[in-house]
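Fold and geometry: a report
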Amino acid sequence: SEQLKTLPSALQRWFYLFCMCALKRKLIKIISLFFYILFKRGKQYAFIYLGAYLLQPWIFLYSFAFCMAFFFGSMLSLQIVQMGIKGLVLVFMSLFPHFICYVITLLLLIKRNFYAQKKEEMLYEQRHSFLFRFSIWFEITFIILGCILESFINPSIMSGILNLWK
């Protein structure tokens, strides 16, 4: 009778420890994924920032749009060939929700660089908008938020979508 009472508590402890170990392993994988994505997106932002700073804004904008369209089109066509309509849905859903933050970051960067080009015309105006003064901080914040969304939220959305087709 005494052993039967301790058996459920021992099973509960074992199950709790098993779940905690599995959760820790999954959390470590997600956190390492977050830092990997943060490194990659930070590197991409640095290249985009440098390109936007060194090149004329229109040259940068057209060349960046061409490169993004080329890579997106090749990824989309590859997924459509391999998976059909599922691949189309999968590619578009893989861009959600983190690319909203990345697009906002890119728009802030482009706006600031186009505004900096007209800076010579506005030498006498000393006041800048709040958005212009803190644009880099907003961009960094949106990149970090996008990395959080990409590493924590997007995998669960994608696994839910993939489970729908099983």
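In what follows, the accompanying structure is described. These numbers come from a predicted model, not from an experiment. Per-chain numbering applies: the sequence of each chain, read as written, is numbered from 1 onward. It should be noted that, the model being predicted, local features are given only for residues of pLDDT at least 70 and side-chain atom pairs only at 80 or more, the latter also being counted only at that level, while totals for whole chains, interfaces and linings use all residues. Here the side-chain values reflect all heavy atoms present in the structure, with hydrogen atoms and water set aside.

1. Details of the pattern of salt bridges
A side-chain nitrogen of Lys or Arg and a carboxyl oxygen of Asp or Glu constitute a salt bridge if their distance falls within 4 Å. Scanning the model with the defined rule gives one salt bridge in all. Close ionic contact of R41 with E150 constitutes a salt bridge, the shortest N to O distance being 2.8 Å. Of this pair, R41 sits in helix α1 (residues 2-54) while E150 sits in helix α6 (residues 135-164); the two residues are 109 residues apart in sequence, bridging distant segments of the chain. The rule is simple: take the accessible area with a 1.4 Å probe, protein chains only, and divide by the maximum for that residue type; under 20% is buried, over 50% is exposed, in between is partly exposed. Judged by its relative accessible area of 18%, R41 is buried. Numbering goes from the N terminus for both helices and strands, where a helix is a DSSP run of H or I of at least four residues and a strand is a run of E of at least two.

2. Observations concerning the packing of aromatic side chains
Note on aromatic pairs: the rings of Phe, Tyr and Trp (six-membered ring only in Trp) are paired at centre separations within 6.5 Å, and the planes decide the class, stacked below 30 degrees, edge-to-face beyond 60, tilted for the rest. All chains considered together, the criterion is met by six aromatic pairs. With centroids separated by 5.2 Å and ring planes inclined at 65°, the aromatic side chains of F34 and F35 adopt a geometry described as edge-to-face. On the basis of relative accessible area, F34 is assigned to the buried category, the value being 13%. Its relative accessible area of 52% is what places F35 among the exposed residues. Grouped by ring-pair contacts, the aromatic residues F34, F35 and F152 constitute a single cluster.

All we've got here are geometric facts, nothing functional implied.
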